[in-house]
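A look at the structure
Given next are the chains, with one letter for each unit.
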Amino acid sequence: MNLWSRWVQRLASKEEGLSLALIRIGVGLVVAGDLLNTWWDGAIPLIWASSTQNPLGFRKPPEGWLFHALGGATLPHVQLLCILTFLCALLLSLGLASRWMALLTLQGFLALFDLNAMAGGGHDRVLSNALWILVFSQSDQTLSLSSKWRTGKWLDPTPVFAWPRWILFAQMTLLYTDTGWQKLGAEWFFWGDLRAVHNMLLSP
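Reference entry: report on the structure contained in this document. What you are looking at is a predicted structure, and each value in this text was computed from that prediction instead of being measured.

**Thoughts on the overall build of the protein chain**
Scanning the protein chain from N- to C-terminus turns up 10 helices and two strands. Along the chain direction, N to C, the helices and strands of the protein chain fall in the order α-β-α-α-α-α-α-α-α-β-α-α. A fraction of 65% describes how many contacts in the protein chain between residues 6 or more apart in sequence connect residues 24 or more apart. If you sum the accessible surface of the protein chain, you get close to 12,500 Å²; carbon and sulfur atoms cover 69% of it. Here the protein chain contributes 14 positively and 12 negatively charged side chains, and the mean placements of these two sets differ by 10 Å.

Here's what the structure looks like:
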């Protein structure tokens, strides 16, 4: 068997979908919780409104297609997109049309956080990558409303493709290995006066 055939066979392998379902639930809840927390704290106008709408707003004019389609990133449009993205993230967690919900959550999530690069961080990119993988996976095969309506049960043992979980696992391995290597400098230890956190907190 040649290398290509082995590669195809490997990608075609399947496994129980519970792990992927738990990832789907977790990603959806994290995005929904992030947006809810931002709304609850009254931070939406501060981080995503323009300086003309809020004196403390500091975003640049949007260039994303979604806000262009909505007619601009006005505060009402930003709030509307927050609500829609929050609902899509909840439906993703519940496992209803998960591929579509992952895609819609991703587009809303990107449109919001692209308004202000300082409003997010590396964790937002990790979530974006995870949402893209969920768009192409069978994450609602089990532990979902789709499974309940399709089989009458919350748990469906039907196997799903394993490659989405492999990619997510590889992403987290690379991410935390890399950040671990970056924390080997003297500033992270007593002999470096533990300056790393101090310097990081003073960084704008």
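After presenting the structure, the write-up continues.
**Some words on the packing of aromatic side chains**
Under the definition given, this model contains four aromatic pairs. Between Phe189 and Trp191 the ring centres are 4.8 Å apart and the planes differ by 5 degrees, which places this aromatic pair in the stacked class. Classification of Phe189 as partly exposed rests on a relative accessible area of 30%. Linked through ring pairs, Trp48, Phe109 and Phe113 together constitute an aromatic cluster. Seen from the ring of Phe161, Lys14 lies directly overhead, with NZ or CZ sitting 4.8 Å from the centre.

**A look at the pattern of salt bridges**
A full pass over the atoms with the stated rule returns five salt bridges. A salt bridge links Arg165 to Glu15, with the shortest nitrogen-to-oxygen separation between them at 2.6 Å. Here the residue Arg165 occupies a position in helix 9 (residues 163-182), and Glu15 occupies one in strand 1 (residues 14-15), the gap between them amounting to 150 residues. A salt bridge links Arg195 to Asp193; the nearest nitrogen and oxygen atoms lie 3.5 Å apart. Arg195 sits in the partly exposed class, given a relative accessible area of 35%. You can call Asp193 exposed: its relative accessible area is 58%.

Basis of the calculations
- Every residue gets a number counted from 1 within its own chain, in the order that chain's sequence is written.
- Restriction of local features to residues with pLDDT of at least 70 applies here, the model being predicted, together with a cutoff of 80 or more for giving and counting side-chain atom pairs; totals for whole chains, interfaces and linings are based on all residues.
- Side-chain metrics rest on all non-hydrogen atoms present in the structure, leaving aside hydrogens and water.
- Each helix is a run of H or I in the DSSP string that is no shorter than four residues. Each strand is a run of E no shorter than two, and both are numbered from the N terminus.
- Should any heavy atoms of two residues lie within 4.5 Å, those residues are counted as being in contact.
- Accessible surface area values rest on a Shrake-Rupley calculation with a 1.4 Å probe, where residue burial reflects the displayed protein chains alone.
- Neither His nor the chain termini are counted; the positive set is Lys and Arg, and the negative set is Asp and Glu.
- For this purpose, a charge sits on NZ of Lys, CZ of Arg, CG of Asp or CD of Glu.
- Only centres within 6.5 Å qualify two rings of Phe, Tyr or Trp (six-membered ring in Trp) as a pair; their planes then separate them into stacked at under 30 degrees, edge-to-face at over 60, and tilted for everything else.
- Using a 1.4 Å probe on the protein chains alone, a residue whose accessible area is under 20% of its type maximum counts as buried, one over 50% counts as exposed, and one in between counts as partly exposed.
- We call a charge positioned above a ring when the Lys NZ or Arg CZ atom is no farther than 6 Å from the ring centre and deviates by at most 35 degrees from the ring normal.
- We define a salt bridge as a contact between a side-chain nitrogen of Lys or Arg and a carboxyl oxygen of Asp or Glu at a distance within 4 Å.

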